[in-house]
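Residues per chain are reported as follows:
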Amino acid sequence: MTNLIFQGRQWLLAALTAAAPALAQAQSTSAYGTPGLIETPTAEMYPDGTLAFTSGMLDQTLRATMTFQLLPWVHGSFRYAVIEDFDGDGANNRYDRSFDLHFLLREEDARAPALALGLRDFGGTGIYASEYIVATKTIRDRLKLTGGIGWGRMAGRGSFSNPLGVLFNRFKTRADSNAGGIAETGQLDFGNWFRGDAALFGGASWAYSDRLTLLAEYSPDLYTKERDRIGFEVSSPFNFGAQYRLKNGAQLTAAYMYGTTLGLSYSYFIDPRQSVTPGGQGASPPPLLPIDRVALASWNLPDAAAAPDRRQQVLTRTLEQEGLRLVYLEDAGQTLRIGVENGTYGQAAQAIGRAARVLANTQPAQVQSFDIALMSNGVPLSSVRINRQDLYELEHDPDGAWRSFARAEISDSIPLAEGGIASGAYPHFSYRLGPYLQASFFDPDAPLRYEIGARLGLDYTVAPGLSLSAGLRQPAAGNLDDSQRESNSVIQRVRSDWGLYAQQSDLRMEHLTAEYIWRPGTDLYARTTAGYLETMYGGLSAELLWFPPGSRLALGAEMNYVRQRDFDVLFGFQDYSVATGHVSAYYDLPGDYHAQLDAGRYLAGDYGATVTLDREFANGFKVGAFFTLTTVSFDDFGEGSFDKGIRLEIPVSWLTGRPSRDRLAQVIRPVLRDGGARLNVRNRLYGVTREARAQQLVRGWGRFLR
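Please read all numbers here as calculations on a predicted model, not as lab measurements. For every chain, the first residue of the written sequence is number 1, and numbering continues from 1 along that sequence. The model is predicted, so local features are restricted to residues of pLDDT at least 70 and side-chain atom pairs to those at 80 or more, both for listing and for counting; the totals for chains, interfaces and linings are taken over all residues. Side-chain calculation: all heavy atoms of the structure are included, whereas hydrogens and water are not.

Caption draft 1: Here's a closer look at the side chain of Glu515. With respect to the helices and strands, the residue Glu515 is situated in strand E22 (residues 508-521). Although buried, Glu515 forms no salt bridge, and the nearest oppositely charged side chain, Arg682, lies 5.1 Å from it. Looking at Glu515, its side chain comes within polar contact range of the side chain of Asn683, at 3.1 Å. Here a residue-residue contact requires only that any non-hydrogen atoms of the pair lie within 4.5 Å. Residue contacts for Glu515: discarding those within four places in its chain leaves Asn377, Gly465, Leu466, Ser467, Arg527, Thr528, Thr529, Arg682 and Asn683. Helix numbers and strand numbers start at the N terminus; a helix is a DSSP run of H or I with at least 4 residues, a strand a run of E with at least 2. Summary of the burial criterion: residues with accessible area below 20% of their type's maximum are buried, those above 50% are exposed, and those between are partly exposed, where the area comes from a 1.4 Å probe applied to protein chains only. Charged residues are defined narrowly, with Lys and Arg counted positive, Asp and Glu counted negative, and His plus the chain ends left uncounted. Each salt bridge in this description consists of a side-chain nitrogen of Lys or Arg and a carboxyl oxygen of Asp or Glu lying within 4 Å of one another. Under the rule applied, a polar contact is a pair of N or O atoms within 3.5 Å (in protein, one hydrogen donor and one hydrogen acceptor; residues adjacent in sequence only if both atoms are side-chain atoms).

Caption draft 2: Structural context of the environment of Thr65. Of note, Thr65 is situated in strand E3 (residues 61-71). Once the C-alpha coordinates of Thr65 and Arg565 are considered, the two residues, 500 residues apart in sequence, prove to be 36 Å apart. Once you skip the residues sitting within four places of it in the chain, Thr65 turns out to touch Tyr32, Gly33, Ala52, Phe53, Thr54, Ser77, Phe78 and Arg79. At 3.2 Å, the side chain of Thr65 forms a polar contact with the backbone oxygen of Tyr32.

Caption draft 3: Layout of the environment of Asp390. Inspection of the secondary structure assignment puts Asp390 in helix H6 (residues 388-394). By relative accessible area, which is 13% here, Asp390 ends up buried. Separated by 22 residues in the primary sequence, Asp390 and Gln368 have C-alpha atoms spaced 10.0 Å apart. A distance of 2.9 Å separates the side chain of Asp390 from the side chain of Arg407, its partner in a polar contact.

Caption draft 4: Region of interest: unusual backbone geometry. With an omega of -5°, the peptide bond running from Tyr426 to Pro427 counts as cis. Located in the positive-phi region is Asp59, a residue other than glycine, with phi close to 45°. Residue position: Asp59 is located in the loop between strand E2 (51-58) and E3. Overall, Asp59 belongs to the partly exposed group, its relative accessible area being 46%. The residue Asn683 is not glycine, and still its phi comes out positive at about 60°.

Caption draft 5: Local environment of the pattern of salt bridges. Per the counting criterion, the structure on display carries 39 salt bridges. In this structure, Arg273 engages Asp271 in a salt bridge whose closest nitrogen and oxygen atoms are separated by 3.5 Å. Of the residues examined, Arg273 reaches a relative accessible area of 40% and is grouped as partly exposed. Classification of Asp271 by relative accessible area gives buried; the value is 18%. In this structure, Arg508 and Glu451 form a salt bridge, with 2.6 Å as the shortest nitrogen-oxygen distance. Taken as a pair, Arg508 in strand E22 and Glu451 in strand E20 (residues 446-463) lie far apart in primary sequence, 57 residues in all. Taking relative accessible area as the criterion, Glu451 reaches 4% and is therefore assigned buried. What you see here is one network of salt bridges that share partners, running through Asp48, Asp271, Arg273, Asp592 and Arg615.

The quantities given are spatial measurements derived from coordinates; they are silent on function.
Structure representation (structure tokens):
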């Protein structure tokens, strides 16, 4: 089960492709959702970072594919296929999930073609399992010729003995890829890759115009499994099609396939770097006032007895107008130190830039520099020193934002000294009220289940770092609670009973916690949380994080003792309790990439590790993948063999163009089981602190003057 929660102005993730501008692609996309002709692949790549969504159908088969160009030389795909009556009896459709990888071995040049290697359905049931090596050459810009050799499913018609058998005899044979069953779904079938008979494939595409491309291919796929199970007929290896590129860059392809059927596919492309709505839809930053005008303001006059109080009142009010909350204030002569909580801007650098302008427009002339600390629930994160004169000097500089970053000083956050708390900052109460959507994918009885309703969040910060929080949900409509599938897990059912939580609950208490976050030392953060921690578990959680401001590396440790909650998601508990914990390493790789490794004990008592790799763009749009391997065997884990999935995180500002800290987060798991299940604790320290560290600030510093 996956969750998608939106509040206020957030939109449904399903509206993403309807709202986002599509990219015009120079290469055609196959019905499998990857660069290709009609069904056979080419050696082409999408532009780096592209997200492609494809839906293709023929006869009794529907395929939906998401492809992400992870690197300039590699893309990965997740595919969900529905094959009618594949499992017999006229009503047992097969809902198949599969993953692809495609690697560019060499780029095309004037003399030689592009060369690529690919794995199709390397971690699913094996229905589409195949491997290939393919070459593509462009001739006079409009004609592209493709040829390759394939194994597995792509070695049907015209197959011959594997040429790799010359190297090793084992390449001459290939075991049946699970025969399309589900018992071993999700295992990586290394032993079959590039083994068994091989066959040739190829084709051509000709761009008749900028919009219309004609396609022809020779496909050796005999659709053997579909022929045996649903009677699909293949009378010819030749497929012919036409692809039309719409004004928004999307592609629509119609084809006559295998001499017996018609096929249709539609592909939509998104560049995560390119927002749906151009930025700058929010209020412009306040213009800098001349220093002499600021000095003459009544709250800055030295003979005004109440000047300090008035200065703070003006500063608090002006920061609030910019969407920032003043929580810390200390006057150190020529330096003014403040701490602000950012509730408005997705990029921390923009919050710092707005705060610096407010300070320049409200503080007396003798204040020459500003230490601005970003804070979370009263806990100081990183501190950025801005020289006042730099603001005036670089305000109209075309490269002012980046020059200001070079001059700024980022350090560990300012300490919370006695008397530094801004008057009226604590206690502080806030609430959030809005709709939510919870979705469940890939249930064979209903591939998409959903629930919509209202969600209320309450937060009461008693003192810096100490907060009480509650979250309530009231379902209103949906079919999530209609699921009758019972868990068949042979290990402790820590997640696979999710359907019972949907069926037996109405008004739900998502969480009810007391939380304390503090700084035990330089570069260190600590958190303790107690209460009903998430929908399924309550108990105690403690965490420690080491994260220097300028470091790419962060290290953390977490310990939890939790008990499983009752299915009504109110105040009761079940009998099962467990101690879990992980040590974690987080690393910002060069470019847009981020890696995370978590190792420890999971909710079912199994031990193992989770590896996560994300690509995060400067605007906060994130695409990633993860997998978990634990002491639970593939057989005991059940369908899927091990936990894995894809995750998307989309800033609402990417959709609206307006400043917002809200995000749409979606995790797509092929199947949710009990092995490798981790506790979902709110406010894990790395997520709380990362936005204020140097590596994140530099990504968003282009918005410092916005």
